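The chain contents come next:
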Amino acid sequence: MQAATREKIDSLFERYPQKRGALLPALYLVQAEQGFVDQVQAREVAQLFEITPVEVWEVLTFYNMFYTTPQGRHQVYFCANLPCSLRGGRSLLKTVEAHLGIHAGQTTPDGRITLGHEECLGSCGTAPIMRVDGSYHENLDAEAARRIIDALE
Amino acid sequence: MITAPHVTGYLSEHYGDDAYRTVAGYEARGGFAGLSQALAMQPQEVIETVKSSGLRGRGGAGFTTGLKWSFMPERSDRVKVLVCNADESEPGSFKDRLIMERAPLQVLEGILIAAWATGAERTFIYVRGEYQICIARLEEAVAECRERGYLGANVANKRGFAHDVVVHSGAGAYICGEETGLLESLEGKKGQPRNKPPFPAQHGAFGLPTTVNNVETFAHVPFILERGVDWFRQSGTEKSPGTTLFGVSGHVERPGLFELPLGTPLSEILDLAGGVAGGRALKAVIPGGMSMPVISPSEIGVRMAEEFLSEIGTHLGTGGVMVMDETTCMVRVACVISYFFRDESCGQCTQCREGTAWIHKVCERIERGRGSAADLEVLADVPGLMEGQTICAFADAAAWPIQGLMRRFRPDFEAHIQAEKCPFPGSFEL
Amino acid sequence: MPQITIDGIEYEVDEGKTVLQAIDDLGLLMTEVDIPHYCWHPKLSIDGSCRLCQVEIEGMPKLQIACNTAVRDGMVVRTRNERVEQARQGVMELLLVNHPLDCPICDQAGECKLQDYAFDYGVKHARSDEPRRPAKKATSLGPTILFDQERCILCRRCVRFCREIPKTGELGVFERGDESLLEVFPGSELDNDYSMNVADLCPVGALTTKDFRFKIRVWFLDDVDSVCNQCSNGCNVSASLSNNRVYRYVPRRNDAVNDTWMCDSGRLSYKTIAEGRLERARVRGKPTEYRSAMKAAGAALRAARETGGRIVCVASPFTPNEDLFVLRELIEALGGESGGFTVPTGAADEILIKAEKAPNAAGARALGFAESPAALGPAAVAIVLGHSTPAAALAQVELRILIDTHESELAADAQIVLPARSFAEREGSFTNHAGRVQRFAALVEPHFEAWAEGEVLRQLAAAAGLEGWAARFDPRAAGKRLAESVPAFAGIDLDTVGDQGLELQ
């Protein structure tokens, strides 16, 4: 864990009546270092929060937005839930799978993109949606999806 | 991105206006008038006002807000807290996102009124992790409120009324929308719901007395204080007063949000959304977010309030209306729904952990044409083993849609078993 | 005290308890009142997730879990109606959806709650032909425990145990939903002084001890009450026996002593019953008949008495109360002196493990034995029980008669060695650190000639020509004499202590 990350985490503690409240925000900060949280970092976080490493690992593996294995430089996620599916979300994902030559849950061999599907993102009125590194791309069609993905470095 | 509902009302009148997100712009459009009204009253009077307004929570369960506030211990040697449930994750719901993106100060004003009423010193706004823009907008609003004296010591110059707000990001788990799953998550744990009792008002976030309200619920509160109970009760129904933001998605011409009085007929909402897309016929509607049982075209005359929807075996939930046209394979719908609940079950209770996975596997197999009559018995029975028997209502939410589908669209399932394949080639792709 | 009615019968229960706790406190759970349960355990926090203990409570629309429902005066509980039965059957069926039903090759078979309840509630399997969730088989969680994930029902008793009792917290449940997986932190192990308790806690065959796994089918075992002799805590155990052999210890509940736990080293100490034993009497290093060794010892004692030589008798904190009392009687009869006793010590914790590594130091003290001096000084004969006395303390003794169970430095050094039965080979009692007198039963018969220490002492007395030592040692009779002569033991003997022990007066 970098010193700067640690300092940021230290400043979070006062926001919560108990130290542990800062765990999720802290894990985001640690994850920002290399795109996932490894075992060494998890142990460091555990020490900082005075909890066991297994408790940190439980939290990391419970939530979709934390990763314990390396991810691609960009994360591309499609909502596969009903409102998006009704408007072609899953078809779109299949197109992108073919385009990138990988399946959802995989990373391109060059480490550029990790592709996945996730649950409802709250864009039902602007479906289908693709989430790229935290940004929403809504009312999407296959061509726009390809264009956005191809522009990723 | 949606910037305003297709139909606006008192809540969303200024949503299209960027200035509404700044304190000055908000004040200029009537903002904080409800707060000053509240601060001129005794806390108990504020609770009574909200109680008599009949405001019901907009997070899905529809509990009376004022009553919930009254559960907070009046005197407590422990700090009291509020939690704003901004973990909107119910498939088909996207209203809270709009409120936070376009009117974060409405939410904060509602929070401050609730804080005054309940004596809470701190609020945690738990926003689902994917809602990055909401988090940013709320944080901007919180920072500006601090600068302008709407947060901190002596809120709005009211001596002795201190309040602060922490915007907290979730990390991707539907179950954190459940009140106590949210509290666990806020405490830095897995979002696994708690056994009740104790209830949050006694033992909530970090063991402190806590009241949890949904984003939209907070947003309505300033208007009730500013304009009065009688005004509020003019819209909506006797049992469900006020407006709500109905979200319409799926096979309609004009999906989006519609601020309409509770009790508006579903057919009217569908008309406002331009009807079924492409002029196709309607097959099914899920009226209140994905946890709620589906209804048939013959039932769309129903008025959209809990008291009417529950009469026909479904619920208002979060008011997320999902529309399916004649091409739709209801077994595929069952696959999507059951996958979601399997994926999002927290895994604590036996019935939920095992039942959601079992139902999903059976649905998938039927869709592949490998189902049997015995599978229909399983789909008819297993939801009953789950419903009402677990720590939280998630298992109910997983059971109800399957029960609804089996009740109203069993022929779709039977057709798959008979044809040994999906007989709806034109349906949305799985 | 609140009155509650369960299936038409009224019970008076403690205030502030949950239904399940209250019934358990009355000792009626699963005997008179049938409320099956997996995640609930009387000594762990409430989890409320298995949902098997649902009961109907009058006035409440939904079924409630008995483990988390507080008793209320006038509460009416029903555990037997159709609704409750259906809910139980539902839970059982759902638990079996992913269960391998591999009872024929599962070590838990015969003491498996999944098997028992499936049988009791008439659900032998689930109506599911779906492929079961992929699961890890027989993975090692640490030095003592193996994990078969496919059998795990995720009751989290083991997780709570590690967090709440040893507070080591090695176990967790990763992922969520039907992918939930019991595990240790990657690369670490379940390794603490109490780790094997998780195998007892596990209601199914998911966690088994490496030590006991596949040794024997449990239905060939008889369980007999005993007490661990590895430290002064005196954890209550059930010893599982077959063919004159102890196969394992499992902790036996005693809320005043060890709750439902025991430490791993105590648990594995059943092995010491068979290992490293003194099997032959010896005279000056040479194995002999028991009778000849006894004759030689008797002659030495007679000679010492005739010449006025000093006779010292050394007690042992491993010797049961009854035998220590006989030693007291012998000292008086011989005109000898007490050489006290020595307690081996070691590490302790705040859970169960005590620093005194012997089961009966408190008994020895209560019987008036003092801690041995560093040297016992010159003496003609020493009668020494056990081997915790340092050899150096006996350096100036001309003839050492050792009565002991196991090989040791003292046994190599003593001129006369008389094998004794271990506590597992006779009945008796120990007094634990808190003064609780606890009974143990004979578990096995030695395959060599050996006698209870009290009997060896009696034979010595007879061989030394003392009068009145003709009647064979009987721990019950000795215990009665002890209770009559030592005030601390008044009213406490093998007939009165029961299976939970009694505290000294």
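This is a predicted model, so every value here is computed, not measured. Here the residue index of a chain counts from 1 through its sequence in written order. Following the order in which they are written, the chains are lettered starting with A and the ligands numbered starting with 1. Restriction of local features to residues with pLDDT of at least 70 applies here, the model being predicted, together with a cutoff of 80 or more for giving and counting side-chain atom pairs; totals for whole chains, interfaces and linings are based on all residues.

Undergrad: Lay out the overall build of chain C with the relevant residues and their values.
TA: In this text, helices come from DSSP runs of H or I with a minimum length of four residues, and strands from runs of E with a minimum of two, each type numbered from the N-terminal end. Across its full length, chain C holds twelve helices and 23 strands. Its C-alpha atoms give chain C principal-axis dimensions of about 90 × 50 × 35 Å. With C-beta atoms placed from the backbone, a residue counts as buried when 20 or more other C-beta atoms lie within 10 Å of its own, as exposed when 12 or fewer do, and as partly exposed for counts between those limits. For chain C, buried positions account for 52% of its 505 residues. Placing C-beta atoms from the backbone, we regard two residues as in contact once those atoms come within 7 Å. Long-range contacts, defined here as pairs at least 24 residues apart, represent 62% of the contacts in chain C between residues at least 6 apart.

Undergrad: Residues and numbers for the overall build of chain A, please.
TA: Assigned secondary structure in chain A consists of seven helices and four strands. Each helix (α) and strand (β) of chain A, taken in turn from the N terminus, gives the series α-α-α-α-β-α-α-β-β-β-α. Its C-alpha atoms give chain A principal-axis dimensions of about 50 × 35 × 25 Å. The buried share of chain A, reckoned over its 153 residues, is 46%. Sequence-distant contacts in chain A: of pairs separated by 6 or more residues, those separated by 24 or more amount to 55%.

Undergrad: Pulling in residues and values, what's your account of the interface of chain A and chain B?
TA: Counting from both sides, the interface comprises 37 residues of chain A and, opposite them, 50 residues of chain B. Within the residue set of the side of chain A that touches chain B, elements represented by two or more residues are α2 (23–34), α4 (53–62), α5 (82–86) and α6 (89–100) of chain A. Classification used: nonpolar for Ala, Val, Leu, Ile, Met, Phe, Trp, Tyr, Cys and Pro, charged for Asp, Glu, Lys and Arg, polar for all others including Gly. Split into classes, the residues belonging to the side of chain A that touches chain B amount to 18 nonpolar, twelve polar and seven charged.

Undergrad: Which residues make up the sheet that holds strand β3 (residues 54–57) of chain C, and what values go with them?
TA: Two modes of strand pairing occur in sheets, parallel and antiparallel, and in both the strands are linked by backbone hydrogen bonds. Residue and element names in this part refer to chain C. The strand order β2-β1-β5-β3-β4 describes an open sheet built from five strands, whose pairing is mixed. The two strands at the open ends of the sheet, each matched to only one other strand, are β2 (9–12) and β4 (64–65). Pairing between two strands requires that DSSP report at least two bridges joining them. As judged from the two bridges shared by β3 and strand β5 (residues 75–78), these two strands associate in the antiparallel manner. Across the sheet, Ile57 pairs through a bridge with Val77, a residue of β5. A fitted line through C-alpha atoms serves as each axis, taken over the contacting stretch for helices, and the angle formed by two N-to-C directions is quoted from 0 to 180°. On top of the sheet, helix α2 (residues 82–96) reaches β3 and β5; it is set at about 160° to β3, its chief contact.

Undergrad: Tell me what's going on with the interface of chain A and chain C, and back it up with residues and numbers.
TA: The interface of chain A with chain C comprises nine residues on the first partner and twelve residues on the second. A per-class count over the side of chain A that touches chain C returns four nonpolar, three polar and two charged.

Undergrad: Account for α2 of chain C, with residues named and values stated.
TA: Given the number of residues in a helix, its expected span is that number minus one, multiplied by 1.5 Å. Relative to the 21 Å expected for 15 residues at 1.5 Å per residue, α2 of chain C spans 21 Å between its end C-alpha atoms, a close match to the ideal helical length. The set of residues buried in α2 of chain C consists of Ala87, Arg88, Gly90, Val91, Met92, Glu93, Leu94, Leu95 and Leu96 of chain C. Looking at the packing, one finds that the buried side of α2 of chain C touches α14 (350–367) and α15 (373–386) of chain B together with β3 and α3 (113–120) of chain C.

Undergrad: Outline the pairing of strand β18 (residues 379–385) of chain C, supporting the account with residue identities and numerical values.
TA: Residue and element names in this part refer to chain C. The buried fraction of β18 amounts to six of the seven residues, a majority that puts the element mostly inside the structure. Bridge count for strand β16 (residues 311–314) against β18 is four bridges, and the pairing is parallel. Bridging from a neighbouring strand, Val312 pairs with Ala382 of β18. Alignment of β18 against strand β19 (residues 397–404), held across six bridges, turns out to be parallel. Bridge pairing in β19 links Ile383 to Ile401.

Undergrad: Hey, could you go over the pairing of strand β20 (residues 416–419) of chain C for me, with residue numbers and the actual values?
TA: All names here are of chain C. Here β20 shows a buried face lined by Ile416 and Leu418 and a second buried face lined by Val417 and Pro419. In terms of strand pairing, strand β14 (residues 281–283) meets β20 through two bridges, oriented antiparallel. Across the sheet, residue Arg282 finds its bridge partner in β20, namely Val417.

Undergrad: Can you explain the environment of Glu356 of chain C? Please cite residues and give values.
TA: All names here are of chain C. Note on placement: Glu356 falls in the loop between β17 (337–338) and α9 (361–366). A residue is classified by how many C-beta atoms lie within 10 Å of it, and Glu356, with 19 of them, is partly exposed. When the C-alpha positions of Glu356 and Ala109 are compared, they lie 38 Å apart, and in sequence the two are 247 residues distant. Excluding its chain neighbours within four sequence positions, the residues that come into contact with Glu356 are Cys231, Ser232, Val343, Thr345, Ala361 and His433.

Undergrad: Please give an account of the sheet that holds strand β3 (residues 164–169) of chain B that cites residues and values.
TA: Residues and elements named next belong to chain B. What the four strands build is an open sheet, ordered β3-β2-β1-β4; its pairing is parallel. Unpaired on one side and paired on the other, β3 and β4 (210–214) mark the two borders of the sheet. With strand direction ignored, the average angle separating the axes of adjacent strands in the sheet is 20°. Relative to β4, strand β1 (residues 81–86) runs parallel, the two being bridged by five bridges. Bridge assignment links Asn85 to a residue of β4, and that residue is Asn214. Its contacts with the sheet place helix α6 (residues 104–118) against β1, β2 (122–127), β3 and β4, and it is angled at close to 150° to β1. Lying on the sheet, helix α8 (residues 179–186) is in contact with β1, β2, β3 and β4; it crosses β1 at an angle near 110°.

Undergrad: Just give me the short version of unusual backbone geometry, but keep the residues and values in it.
TA: Phi is mostly negative for residues that are not glycine, and the peptide bonds are mostly trans. Residue and element names in this part refer to chain B. With an omega of 0°, the peptide bond between Lys196 and Pro197 qualifies as cis. Counting through the fold element by element, Pro197 comes out in the loop between α8 and β4. Cis geometry marks the peptide bond from Pro197 to Pro198, where omega comes out at 0°. Among the structural elements, Pro198 can be located in the loop between α8 and β4. The backbone phi angle of Phe206 is positive, close to 55°, even though this residue is not glycine. In this fold, Phe206 is placed in the loop between α8 and β4. Residue class for Phe206 comes out buried when judged on the 20 C-beta atoms lying within 10 Å of it.

Undergrad: Report on helix α7 (residues 290–307) of chain C, specifying residues and quantitative values.
TA: Residues and elements named next belong to chain C. If you check α7, its first and last C-alpha atoms are 26 Å apart, about what 18 residues at 1.5 Å a residue would give, namely 26 Å. Every buried residue of α7 is listed here: Ala293, Met294, Ala297, Gly298, Ala300, Leu301 and Ala304. Buried residues along α7 cover an arc of 160° about the axis, so they all sit on one side. Facing away from the buried side of α7 by more than 90 degrees, the exposed set consists of Arg291, Glu306 and Thr307. To obtain the arc, one takes the directions from the helix axis to the C-beta atoms.

Undergrad: Requested: an account of the packing of helix α13 (residues 330–344) of chain B against helix α16 (residues 394–419) of chain B, with residues and values cited.
TA: Residues and elements named next belong to chain B. It is at 8 Å that the axes of α13 and α16 come closest, and there the two elements cross at 150°. The orientation of α13 with respect to α16, classified from their angle, is roughly antiparallel. Considering the relative orientation of α13 and α16, their crossing is left-handed. The residues of α16 that touch α13, namely those facing Met330, Val331, Val333, Ala334, Ile337, Ser338 and Phe341, are Ala398, Pro401, Ile402, Leu405, Phe409, Asp412, Phe413 and His416. We call two directions roughly parallel when the angle between them is under 35 degrees, roughly antiparallel when it is over 145, roughly perpendicular when it lies between 65 and 115, and oblique otherwise. The hand of a helix crossing depends on one turn: near helix anticlockwise from the far one by less than a right angle means left-handed, and clockwise means right-handed.

Undergrad: Go over the confidence of the model for chain C, please, and point to the residues and values.
TA: Looking at chain C as a whole, its pLDDT mean stands at 96, while 100% of the residues score no less than 70. Interface confidence for the predicted complex, given as ipTM, is 0.97, next to a pTM of 0.96. pLDDT measures the predictor's confidence residue by residue and takes values from 0 up to 100.

Undergrad: Kindly report on the packing of helix α5 (residues 95–102) of chain B against helix α7 (residues 132–147) of chain B, identifying the contributing residues and their values.
TA: All names here are of chain B. One can describe the packing of α5 onto α7 by two numbers: an axis separation of 8 Å at closest approach and a directional angle of 35°. In this structure, the crossing between α5 and α7 has a hand that is left-handed. Contact residues: Arg97, Met100 and Glu101 in α5; Ile133, Cys134, Arg137 and Leu138 in α7. Split by residue class, the contact of α5 with α7 holds four nonpolar, no polar and three charged.

Undergrad: Tell me about the environment of Asp223 of chain C, and please be specific about residues and values.
TA: Its place among the elements puts Asp223 of chain C in strand β11 (residues 222–227). Sequence separation between Asp223 of chain C and Pro475 of chain C is 252 residues, and the spatial gap between their C-alpha atoms is 22 Å.

Undergrad: Could you give me a rundown of the environment of Phe36 of chain A, with the residues and numbers involved?
TA: Residue and element names in this part refer to chain A. Of note, Phe36 is situated in the loop between α2 and α3 (39–49). Phe36 sits in the partly exposed class, given 15 other C-beta atoms within 10 Å. Sequence separation of Phe36 and Phe66 is 30 residues, and the distance between their C-alpha atoms is 6.9 Å. Sequence-distant contacts of Phe36, that is, excluding residues within four places in its chain, are made with Gln31, Tyr67, Thr68, Thr69, Pro70 and Gln71.

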